[in-house]
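Survey of secondary and tertiary structure
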Amino acid sequence: MPDTSAPAPVSIPVARQLPKTRDPRLDVLRGIALVMIYINHVPGNFWENWTSRNFGFSDAAEGFVLMAGISAGLAYSAGFRVRWPWQGVARIWRRAWTLYLVHLLITFGALAIAAALASFADIPAMLWKHGMGLLFRDPLGFLIGVPTLGFQIGYANILPLYFVLLMAAPLVLWAAVRRPLWALAASGLLWMAAAHFRLTLPNYPTGGWQFSPPAWQLLFVLGIVSGIAAKEGRRLVPARRWLMALAVGFLVLSLAWMNLPGFGKTGNHLLWMANQHGAPGFMTGFSKPYLSLPRLLHLLALFYVLASWGMVRRACASRLAAPFALLGRQALPVFALGSITIYLIQGIKTETGENFVLDTMMLGAGLALQLAFAAARHHWPTDRDRAAPATVAPTTPEKALAA
């Protein structure tokens, strides 16, 4: 007779067909988002007029968080299909720790640049921009707030948000691989409460986080569930002509709203009237910190079109898209380098103002530096490479995305 005394291992069924090749769209779109974030973080330059935020309600930050969730679903979900997913938890929290350290590096790098500009170039303005002046007004509060993430200088708010989302990711992944619709429903309810009541984490000494984690988690959870579906060889939302038409229609509406003054003014007035008649503010406004509904719908429509249009996949697999793919594969180091250099460019611009030629040269040099760094990182030997024999197994898509 078979031995039935030992409990059977718990497993979660997975789809029979798994994707065999890495989808180029995620890397390319993430690389494009990084470029647009970099340009937008240098306000007062000509090129920021051509980034995505000028053509719709959302911008590159929302896309970056959604793609971070997709990557997490692809990279980490397999570790949560067991009864005790401690190894999966450890992998995610190790990544979160890396994000925390990179955030501190960016913060102190920005302070060093501001100090160097004041000391060596007689440009002290940066010492008082983006909240850096707190170091002089309340040094003890600054020294408490920075390492606890209670104080974040301007343009250094995305990684703290990502850190918090990753710390909560094990619970989300555990639920999403078992009950994805329940996980989405709970995430949606939390988003509605956070957006309506303006819930966020407190800043120290005063204020609140620039990006509300209870609101922005919805994008991350949507990404996780989408990544799990993609890993199983299926789509979270099926491709339908009527859905494509609806998504394209909303994108066109958003484009007209942002670029036709009369159309946008009328639309804003209609939303104001809806708010006066009882519609919640998060449905009728365009708040970025609390991820208002128009911004959310715009991003979801955009990603539905990008995921459903076959030409996008072919374009992302082309040689012309290769530089963006390289940036996207090395997203964290590229983002860190770009985040530090924007403070140098901003400091120079406090003296030069808007100058098309100089701005283009500085932004171009910064992007070239990031691309070179990404190429170096791509070929950077890891500890595993050093210890491995001459023949090394190829990196799996999941491991590559985790990097």
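Note that the structure is a prediction, hence the values are computed from the model and not measured.

**A look at the overall build of the chain**
- When helices and strands are counted, the chain shows 18 helices and 0 strands.
- Residues counted as buried form 45% of the 403 residues belonging to the chain.
- In the chain, 78% of the contacts between residues at least 6 apart in sequence involve partners at least 24 apart.
- If you sum the accessible surface of the chain, you get close to 21,200 Å²; carbon and sulfur atoms cover 69% of it.

**A few points about the packing of helix H15 (residues 331–352) against helix H16 (residues 356–378)**
- The interhelical angle for the contact between H15 and H16, taken along N-to-C directions, is 165 degrees, at an axis separation of 10 Å. Comparing the axis directions of H15 and H16 gives the class roughly antiparallel. H16 is crossed by H15, and the crossing has right-handed handedness. Here Pro 333, Val 334, Leu 337, Gly 338, Thr 341, Ile 345, Ile 348, Lys 349 and Thr 352 of H15 come into contact with H16, specifically with Leu 358, Asp 359, Met 362, Leu 363, Leu 369, Gln 370, Phe 373, Ala 374 and Arg 377.
- The residue makeup of the contact of H15 with H16, split by class, is 11 nonpolar, 4 polar and 3 charged.

**Some remarks on the environment of Pro 280**
- Inspection of the secondary structure puts Pro 280 in the loop between helix H10 (261–276) and helix H11 (281–284).
- Given a relative accessible area of 23%, Pro 280 falls into the partly exposed group.
- Sequence spacing of Pro 280 and Ala 195 is 85 residues, and the spatial spacing of their C-alpha atoms is 9.2 Å.

**Remarks on helix H3 (residues 86–120)**
- An ideal rise of 1.5 Å per residue puts 51 Å on 35 residues; H3 measures up with 50 Å between its terminal C-alpha atoms.
- Positive phi appears at Asp 122, one or two residues downstream of H3, with a value of about 55 degrees.

**A word on the pattern of salt bridges**
- A complete count under the given rule lists 11 salt bridges for this structure.
- Note that Asp 359 is salt-bridged to Lys 349, the shortest N-O span being 2.9 Å. You can see Asp 359 sitting in helix H16 and its partner Lys 349 sitting in helix H15, a full 10 residues away along the chain.
- Here Asp 359 falls in the buried class, since its relative accessible area comes to 2%.
- One continuous salt-bridge network, built from bridges that share partners, spans Asp 59, Glu 62, Lys 288 and Arg 295.

**Thoughts on the packing of aromatic side chains**
- A full pass over the atoms with the stated rule returns 19 aromatic pairs.
- Judged by centre distance (5.9 Å) and plane angle (25 degrees), the rings of Phe 64 and Phe 335 are stacked. Pair noted here: Phe 64 is in helix H2 (residues 60–76) and Phe 335 is in helix H15, with a separation of 271 residues, a long-range link.
- The class of Phe 64 is buried, set by a relative accessible area of 7%.
- Against the face of Trp 182 rests Arg 179, its NZ or CZ located 5.6 Å from the ring centre.
- Above the plane of the ring of Trp 380 lies Arg 377, whose end atom (NZ or CZ) is 5.6 Å from the centre.

**So, the confidence of the model for the chain**
- Averaged over every residue, the pLDDT of the chain is 91; residues scoring 70 or more account for 89%.
- Scored below 50 in pLDDT, residues 1–19 shows 19 contacts in the model against residues more than four places distant or in partner chains.
- Predicted confidence for residues 390–403 stays below pLDDT 50, and this span has 19 contacts to residues more than four positions away or in other chains.

**Regarding the nonpolar core**
- Core analysis: the largest hydrophobic core is formed by 95 residues, its most contacted members being Ile 106, Trp 216, Phe 220 and Tyr 343.
- Of the residues forming this core, the biggest block, 13 residues, is contributed by H3.
- Ranked by size, the runner-up nonpolar core spans 6 residues in total, among them Leu 251, Ala 301, Tyr 304 and Val 305.

**Quick notes on a nonpolar patch on the surface**
- On the surface, a nonpolar cluster with roughly 800 Å² of combined accessible area is contributed by Phe 46, Trp 47, Trp 50, Phe 55, Leu 255, Phe 356, Val 357 and Met 361.
- The element that contributes the greatest number of residues to the nonpolar patch is H16, accounting for 3 residues.
- Relative to the helices and strands, Val 357 is located in helix H16.
- Judged by its relative accessible area of 52%, Val 357 is exposed.

**Quick look at unusual backbone geometry**
- Here Tyr 204 and Pro 205 are connected by a cis peptide whose omega angle stands at 10 degrees.
- Within the secondary structure, Pro 205 is located in the loop between helix H7 (180–197) and helix H8 (213–231).
- Residues other than glycine seldom take positive phi values, yet Asp 122 does so here, at roughly 55 degrees.
- Locating Asp 122 in the fold gives a position in the loop between H3 and helix H4 (134–137).
- Phi at Leu 149 takes a positive value of approximately 65 degrees, unusual for a residue other than glycine.
- Topologically, Leu 149 is positioned in the loop between helix H5 (139–145) and helix H6 (158–176).

**Here's the deal with the side chain of Ser 287**
- Mapped onto the elements, Ser 287 comes out in the loop between H11 and helix H12 (293–308).
- Dropping the residues within four chain positions of it, Ser 287 is found in contact with Arg 198, Ser 292 and Arg 295.

**Overview of the packing of H2 against H6**
- In contact at an axis separation of 11 Å, H2 and H6 are set at 35 degrees when each is read in the N-to-C sense. Handedness of the crossing formed by H2 with H6: right-handed. In this structure, H2 uses Ala 61, Phe 64, Val 65, Ala 68, Ala 72, Gly 73 and Tyr 76 to contact H6, whose residues at the interface are Ile 158, Leu 161, Tyr 162, Leu 165 and Leu 173.

**Quick word on H2**
- Given a rise of 1.5 Å per residue, 17 residues ought to cover 24 Å, and the 24 Å separating the end C-alpha atoms of H2 matches this to within 8%.
- Its side-chain oxygen placed 3.0 Å from the backbone nitrogen of Ala 61, Asp 59 serves as the N-cap of H2.

Reading the values: the criteria
- Residues numbered from 1 in each chain as written.
- Predicted model: local features only at pLDDT ≥ 70, side-chain atom pairs only at ≥ 80, totals over all residues.
- Heavy atoms only, no water.
- Helix = DSSP H or I, 4+ residues; strand = E, 2+ residues; numbered from the N terminus.
- Buried < 20%, exposed > 50% of the residue type's maximum accessible area, 1.4 Å probe, protein only.
- Contact = heavy atoms within 4.5 Å.
- Areas by Shrake-Rupley, 256 points an atom, 1.4 Å probe, with all protein chains shown as cover.
- Axes fitted to C-alpha atoms, helices over the stretch in contact; angles between N-to-C directions.
- Parallel < 35°, antiparallel > 145°, perpendicular 65-115°, else oblique.
- Left-handed = near helix turned anticlockwise from the far one by under 90°.
- Nonpolar A, V, L, I, M, F, W, Y, C, P; charged D, E, K, R; others polar.
- Expected span 1.5 Å × (residues − 1).
- Salt bridge = Lys/Arg side-chain N within 4 Å of Asp/Glu carboxyl O.
- Phe/Tyr/Trp six-rings, centres within 6.5 Å; stacked < 30°, edge-to-face > 60°.
- Lys NZ or Arg CZ within 6 Å of the ring centre and 35° of its normal.
- pLDDT = per-residue confidence, 0-100.
- Core = buried A, V, L, I, M, F, W, Y, C linked by side-chain atoms within 4.5 Å.
- Patch = residues over 30% accessible without salt bridge, like charges linked within 9 Å, V, L, I, M, F, W, Y side chains within 5 Å.
- Polar contact = N/O pair within 3.5 Å; in protein donor to acceptor, adjacent residues only side chain to side chain.

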